[in-house]
Amino acid sequence: MPLLEARKLTAFYGDFQALYGIDMTLDQGETIAIIGANGAGKSTFLKAIAGLIRGAPDSVLFDGEPIGALAASDIVKLGIALVPEGRRLFPSLTVEENLRIGAHGGKMREPKAQGQWTLDRVYSLFPILKERRSSAPSTLSGGQQQMAAIGRALMSNPRILLCDEISLGLAPIIITDIYATLPQIEAEGTSIVLVEQDIVQAMKVADRLYCFQEGRLSLAGRPETLTREQIHRAYFGS
Ligand SMILES: Nc1ncnc2c1ncn2[C@@H]1O[C@H](COP(=O)(O)OP(=O)(O)OP(=O)(O)O)[C@@H](O)[C@H]1O
Ligand SMILES: [Mg+2]
């Protein structure tokens, strides 16, 4: 059974339909990437999984159980955490307070159990955050802010980490640094869904790739089985 499954997931903003019948699976230990052009529905898809917008109750399954009707806070408790597009740190709190907030309402595990994230462990993953722990987020570089947003999500001890464009606006060397931490997060037993506009980056880390086009799934498969032409067509249309 997949850890997470979307079945014919649709999503609306008022009368506007943003997703049309998306099917997706994520297995335990897997990293998948969702690519697609601006407005394709990638963020909407993550928001629907995280309970921030509603689809049909049984259109999202976690461990085989429907979660589509649950409140976002209950979905965090189950072990699904979102690193939102644009980082969304709390501007009036320090870096450390932002991290601590992530632990509220999260999933409690046995101390030192696999996947049990503490401040110390987040600081060892991103040492710069420890140095900047008393700073306001606005004084951090874009890369440091992204690290704080990832750290905040990890503090809820997720079994699934949903990452929305973590490389957006960052210098290549910083992107490399942040991506280098993903295997360490996976090693804690966390599966990852990456939304990424950078196709090359997505192909490097993803076990499987999903491409969205105008709210529809246009392509899915293992990166090594897909041709550049297929991906180009699925991404941009033809
Ligand atoms: N709050 C909203 N109200 C109305 N329409 C919205 C809202 N958020 C997104 N949309 C629309 O839904 C569609 C999908 O948007 P979404 O943000 O999911 O795309 P995306 O693939 O994440 O794009 P991007 O790469 O720009 O982040 C777009 O047409 C967008 O204009
Ligand atoms: Mg988006």
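Parameters at a glance
- Residues numbered from 1 in each chain as written.
- Chains lettered and ligands numbered in written order.
- Predicted model: local features only at pLDDT ≥ 70, side-chain atom pairs only at ≥ 80, totals over all residues.
- Heavy atoms only, no water.
- Helix = DSSP H or I, 4+ residues; strand = E, 2+ residues; numbered from the N terminus.
- Buried < 20%, exposed > 50% of the residue type's maximum accessible area, 1.4 Å probe, protein only.
- Contact = heavy atoms within 4.5 Å.
- Areas by Shrake-Rupley, 256 points an atom, 1.4 Å probe, with all protein chains shown as cover.
- Lys, Arg positive; Asp, Glu negative; His and termini not counted.
- Charge placed at Lys NZ, Arg CZ, Asp CG, Glu CD.
- 1 Å grid on protein atoms, 1.4 Å probe; cavity = no way out; pocket = protein on both sides within 12 Å on 5 of 7 lines; lining within 4 Å.
- Points joined across faces, edges and corners; volume = space filled by probe spheres on them.
- Nonpolar A, V, L, I, M, F, W, Y, C, P; charged D, E, K, R; others polar.
- Near = heavy atom within 4 Å.
- Polar contact = N/O pair within 3.5 Å; in protein donor to acceptor, adjacent residues only side chain to side chain.
- Sits in = over half its atoms within 2 Å of the grid points.

Peer 1: Just checking my understanding: could you explain the overall build of the protein chain for this structure?
Peer 2: If you tally the helices and strands in the protein chain, you get 9 helices and 10 strands. For the protein chain, the spread of C-alpha atoms along the three principal axes comes to 50 × 35 × 35 Å. When the 238 residues of the protein chain are sorted by exposure, 50% land in the buried category. Nonlocal contacts in the protein chain, meaning residues at least 24 apart in sequence, comprise 66% of its contacts between residues at least 6 apart. As presented, the protein chain carries roughly 11,100 Å² of accessible surface, and 53% of it is formed by carbon and sulfur atoms. If you average the places of the 24 positive and of the 26 negative side-chain charges in the protein chain, the two averages end up 3 Å apart.

Peer 1: Please clarify how the layout of surface pockets should be interpreted in this entry.
Peer 2: Over the atoms rolls a probe the size of a water molecule, and its path tells where empty space is left. Taken as a whole, the largest pocket holds about 620 Å³ of empty space. Elements supplying a minimum of two residues to the lining of the largest pocket: helix H1 (42-49), helix H2 (72-78), strand S6 (80-83), helix H3 (95-103) and helix H6 (142-154). The residue inventory of the lining of the largest pocket, partitioned by class, reads 11 nonpolar, 6 polar and 5 charged. The computed volume of the second largest pocket comes to approximately 210 Å³. Elements with a contribution of two residues or more to the lining of the second largest pocket: strand S2 (16-26) and H1. Looking at the lining of the second largest pocket residue by residue, the class counts come to 4 nonpolar, 8 polar and 5 charged.

Peer 1: Explanation requested: the site of ligand 1 in the structure shown.
Peer 2: Neighbouring ligand 1 are 14 residues, the closest being Gly39, Lys42, Thr44, Glu85 and Gln197. With respect to ligand 1, the side chain of Lys42 contributes an N or O atom lying 2.8 Å from an oxygen atom. Taking Thr44, its side chain carries an N or O atom lying 2.5 Å from an oxygen atom of ligand 1. Burial of ligand 1 by the protein chains amounts to 63% of its free accessible area of 630 Å². For ligand 1, the cavity whose grid points lie within 2 Å of the majority of its atoms is the second largest pocket. At the level of elements, S2 and H1 are the ones that each hand at least two residues to the shell around ligand 1. Of all the elements, H1 adds the most residues to the shell around ligand 1, at 3 residues. For the shell around ligand 1, the residue count by class is 5 nonpolar, 6 polar and 3 charged.

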